[in-house]
Every structure is written in structure tokens, then in C-alpha cells.
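This is what each chain is made of:
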Amino acid sequence: MSVGQCTRLKFSILLTLMLASLLCLGGQPIQAAEPDQDPIAAMQKVIDQQQADIEAQSRKLEQQREQLDSQQQKLESQQQTLENLQTQLQSLIAGQDTPADKQPAADQSPSMDDQKVAAGEPVADDRQVAINGDKTRPADEPEDKPGDKPTLLDRIHLGRPSELLARSPQVLDSSPLDVPDDRGLFMHSADGDKMIRFYGSLRTLTVVENRDNFHPYDLNLPQVPVGEENATDWNTNWTINTSQLGLEVDLRDFLSVKMEFDWKGTDESFRIRQMYMRTDSWVLGKNWSTFNTLKFLPQAIDSHSNSAHAGSRPAQIKFMGSTKRWSYHVSLEDFQPKIDAPDGLSIESGNLIPNLAGRIDFNRPRGSFRIAGLATFNKIDGTERHQNEPGLGLLLGGLVNLNENNLIKTHLVRTDGNNSALADFGFSDLDMAYDAATGNVSNLSTIGGQIALEHKWDENFTSAFGVGFLDMDNEDYQAGDAFDHGYKVLGNIFFRPGDWLQGLVLAAEVEYATQTTKDGSDGETTRISILAYYDW
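The following paragraphs examine the structure supplied in this document.

Looking at the overall build of the chain
Turning to step 1, where the next piece is worked out: Looking only at helices and strands, the chain features five helices and 23 strands.
Turning to step 2, where the next piece is worked out: Across the 536 residues in the chain, those meeting the buried criterion constitute 39%.
Turning to step 3, where the next piece is worked out: Pairs at least 24 residues apart make up 63% of the contacts formed inside the chain by residues separated by at least 6 positions.

Concerning the nonpolar core
Turning to step 1, where the next piece is worked out: Counting residues in hydrophobic clusters, the biggest one holds 21 residues, and the most contacted among them are Phe 291, Phe 425, Leu 470 and Phe 483.
Turning to step 2, where the next piece is worked out: Listing elements by their share of this core, those giving two or more residues are β14 (367-382) and β20 (461-473).
Turning to step 3, where the next piece is worked out: Counting nine residues, the second-largest nonpolar core is a separate cluster that includes Ile 301, Phe 494, Leu 531 and Tyr 533.

Regarding a negative patch on the surface
Turning to step 1, where the next piece is worked out: A cluster of acidic side chains, namely Asp 212, Glu 228, Glu 229 and Asp 233, defines a negative patch on the protein surface.
Turning to step 2, where the next piece is worked out: Position of Asp 212 among the secondary structure elements: in the loop between β3 (194-209) and β4 (235-239).

Observations regarding the pattern of salt bridges
Pairing of side chains with opposite charge becomes possible as their charged atoms draw close.
Turning to step 1, where the next piece is worked out: Throughout the structure, instances matching the rule amount to 20 salt bridges.
Turning to step 2, where the next piece is worked out: Between Arg 273 and Asp 262 there is a salt bridge; the shortest N-O distance is 3.8 Å. Linking Arg 273 in strand β7 (residues 271-278) with Asp 262 in strand β6 (residues 255-262), this pair joins segments that are eleven residues apart in sequence.
Turning to step 3, where the next piece is worked out: We classify Arg 273 as buried; its relative accessible area is 6%.

Re unusual backbone geometry
Turning to step 1, where the next piece is worked out: Positive phi outside glycine occurs at Ala 308, with the angle close to 60°.
Turning to step 2, where the next piece is worked out: One can find Ala 308 in the loop between β8 (282-286) and β9 (315-322).
Turning to step 3, where the next piece is worked out: Even without being a glycine, Asp 499 presents a positive backbone phi close to 55°.
Turning to step 4, where the next piece is worked out: Positionally, Asp 499 belongs in the loop between β21 (483-495) and β22 (504-517).

Definitions and limits used
Residues numbered from 1 in each chain as written. Predicted model: local features only at pLDDT ≥ 70, side-chain atom pairs only at ≥ 80, totals over all residues. Heavy atoms only, no water. Helix = DSSP H or I, 4+ residues; strand = E, 2+ residues; numbered from the N terminus. Buried < 20%, exposed > 50% of the residue type's maximum accessible area, 1.4 Å probe, protein only. Contact = heavy atoms within 4.5 Å. Core = buried A, V, L, I, M, F, W, Y, C linked by side-chain atoms within 4.5 Å. Patch = residues over 30% accessible without salt bridge, like charges linked within 9 Å, V, L, I, M, F, W, Y side chains within 5 Å. Areas by Shrake-Rupley, 256 points an atom, 1.4 Å probe, with all protein chains shown as cover. Salt bridge = Lys/Arg side-chain N within 4 Å of Asp/Glu carboxyl O. Lys, Arg positive; Asp, Glu negative; His and termini not counted. Charge placed at Lys NZ, Arg CZ, Asp CG, Glu CD.

Function cannot be inferred from these measures alone, as they are strictly geometric.
Here is the structure:
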């Protein structure tokens, strides 16, 4: 054997030993390589075998991952079932049976009667039980076990119970500082079909102003002192007469009856604020007029806000409905026009038929828009003549959510022969004017509006800043001191602590208002109001 052949033989033996070692590490049986086998082909074969093993391991891992996902889904399903069972157990402990339609179908157990039927045992018929008593019940077993029904204390709640929240009719119009619907002492019947709510609001109002205004509750533009009365006279008033009491009775989601009172009547007397009964579609009684701007008013201590507020509470019958984006109200409302006439004049006003009011709202998450109309059928009866003067009203309102902390509210309103629909004219006889020369009565027209920004500083502090105006078209024969136009500006800050003090509100507000009369006399006033109240 030559030297070259010896060298090749040694190289083949060495390569064979290396391949054997690799195969042992890969878990494969050791195979001897032929002395004349190509070493590169042998190495490629080993690599291919290792690649195939890796792919097999990957497939096995993927199958195990799928099995783990399946096990995770089963665990989540079991956890949900456990939570449902815990909820039912808590309801049973509290003495309240969970409604059948709320129980998971998979967890339903056969009833006692079903078990008896399956076992071939007789089942008591309801009519026979009513006549002869339940013969299948042991004699020593009580008819009703303790805990089968909720006790009286179980049925009394501070705040509306969540299980009854959906059963009450939809919320009607409300002013920004009305008592929220979830405040009060709630008591419901054992079956949950009837609910009584007793609620209230204790309010302490302090007013400091530089004029002797009409009253401390609301600053009305036609009552701003003018002429000789427009003199600086700082004074302070304290009152709790804006406090409220209310009673509400709900019969499931079919009928609701509400009575609400405060002390803002004539000479601060106790008065009916609202009193009505309603269903989801109908309202009958004393409630906010369909022709109102409540939705577009900023929060304010002055319930008449920054002027031009439309919203009385007449006796009425109202029909309402809604779709996903639209809502509509139509109502017939009681109304008696007020006449600007000399004292002692023998003249009476009334209505041929009730006022007709209607509105349409378009609602989106970023804002809403309203258009409303009012038709009045004024009737005048005097000693010498009878006269009919129809009146009209138009209202446009808008609300825009700029972002989560800023909200723009605005409206524009026009009235003719029905200025009493505006809160500023609630204590003024300015729906119509009497002409002594002709004996005729004419409608008075007014245009007004406001715009305001509501800002949320944080979870507890909010503010509102707004400006409003009123402008009346006077008749030539009206007296010189008749209201012509006026403006109001306000700004405030509200603090609501929340948590266990929820319902407590502290607020401060500054207002500036002016009035100009027909003869050009003007006046101005500045008012600072501090309000503390608790809704319960």
C-alpha cells in the first residue's frame, strides 16, 4: 500500500468516527460509514436529518399550544359559571330570588314538580291548593320560610337601586340644579313592581347686591332698578326658600306620579313646583313646558340663568316619542296672557283653546340641536269689545361638546303675544299692551338669546361663563317706564366633593345686569350669590 493510500484510509477512518459521534448526539443509531463514502454527502445527510427532527418538534409544540389554549377557554368558562353561582348565592342570602331570565341556561336545575313527575309522584294542582290547601306539604312545615321574601329593611335604599333603575320611565326635562333622579329614599314592594321615592334638597342662599332688586332668588332684567331707584344700596339677603321636597311613585315602567314643592311662591309661600302623572309617552299635569331652553342653559345659582330662559310649568297634556337620533314633544298647555294696561281697567284675558307647543331635537354624542314652536290663542273680553289675538313663538337651541372638559350652550328665542313663556317676564304684565285711544289690545314681541361656556376644572370643580340679552318691540302708546332691552353677564364656580359627600354642593356666582326702558332711563346692578345645598 502506497503512502497516499495510507493517508486516505486514515482520513476516512477519522471522518467515520466524527460522523458516529454526531449521530450519537442527535439520538440516532450509530452507523458505520463506508470507507469510500463521500464525506460531504454524509454530512449533508446528517444536516437534513436534524432539520427534519426540528420541524417535527415544532409541530409537536404547536399542538401542545393549541391544547393549552383550549384548556384556558375551559377555565374561563368555569370561572364565569362560578361567578354566576356566587351572585345567585348572594341574592338568596339577601332574600331576593334572581329572575329566571337572568339565570344561565346551563345551570338551571329541574324544579321540585319536575322531579316528582320524573319519579311518578303526584303534583299538587294550583287550583286544588287554592281550594283545599297543599296536601303534599308536611303538616309541620311553615307556609313561608323566613328569608323567602325580602324584609321591609331590605326594600329601603338610600339612592335608586340599580335593579330598579331601568324600571322607571325615562327622565323628563329638568333644570341644571334640579335634584337628580338617583337621589332620595327609595322603598320598593316585595315583587319590585312598585316603588316610592321620597327626596328633597336643603338649600341655603346668601345674596349680596348693590341695588334693592325684586327678590333674591332670580335676577330678572325687567326688575333691574332704573331712574331714581338706580342708586347704590348694598344689602344682604339670606333665604332657604329655594329648598325642595318631592314624592314619586312608580308602577314598574308603566306609570309614574310625581309631586314636587318649594317655597318660592308669592310672598315666599309654599307652592307646587311640579305635579303630574306620566307614562313613557304621555304626561298629564303641571310640568315643564315643551317650549323650553332647559337643555341649553349653563349651571347657575340664578335659576333664570344668563337671561332669555324659556321655561314655565303650566298644566298640560303632552305626547312624546324618540328614535335613535331624534326626539319630539307635542303638548296642549294652559296659558293666560298678561296685559300692560292702566290699573282699574275692566278687561280680562284668556284663551280660546290651550296653547299648542311642539319641538324636535336632533341628538348626537358631540352635541344636539332643537327647534321648537308655540302657538297661543289669546282672547280679550272688555265692556265695549271682544278681541282675539293669536300669538307665536320660535326657539332655536344648540349644544356642542368641544371636548371632555368644555361645553358650549346657546339658544335664540322669539315670542309674540306670549312673552310670559320667558322666565324674565314671569312677574311682568308684558304679553300684550292696551291702547287707551282705540280700546284695542296688541301683542308685544320680544327677541332674546344667550351663549355660555361650561368648563370642568377637575372631578370636583366646574364653572360657567355666559352672556344674554332681551329686546322688546314697544308700542307707541306704552308708558315710558316700560321695559325696552337689557343684558346680563354671569360667572360662577361649583364644588362637588363626591364620594361619601355625594349630594353636597358649594357654589359662588357673580352677575351683572342692565335694563333700559322705553324713555331711555337705564339702571344696572351687581349681585354676588353664595349657595350651599345638599340633595338627599
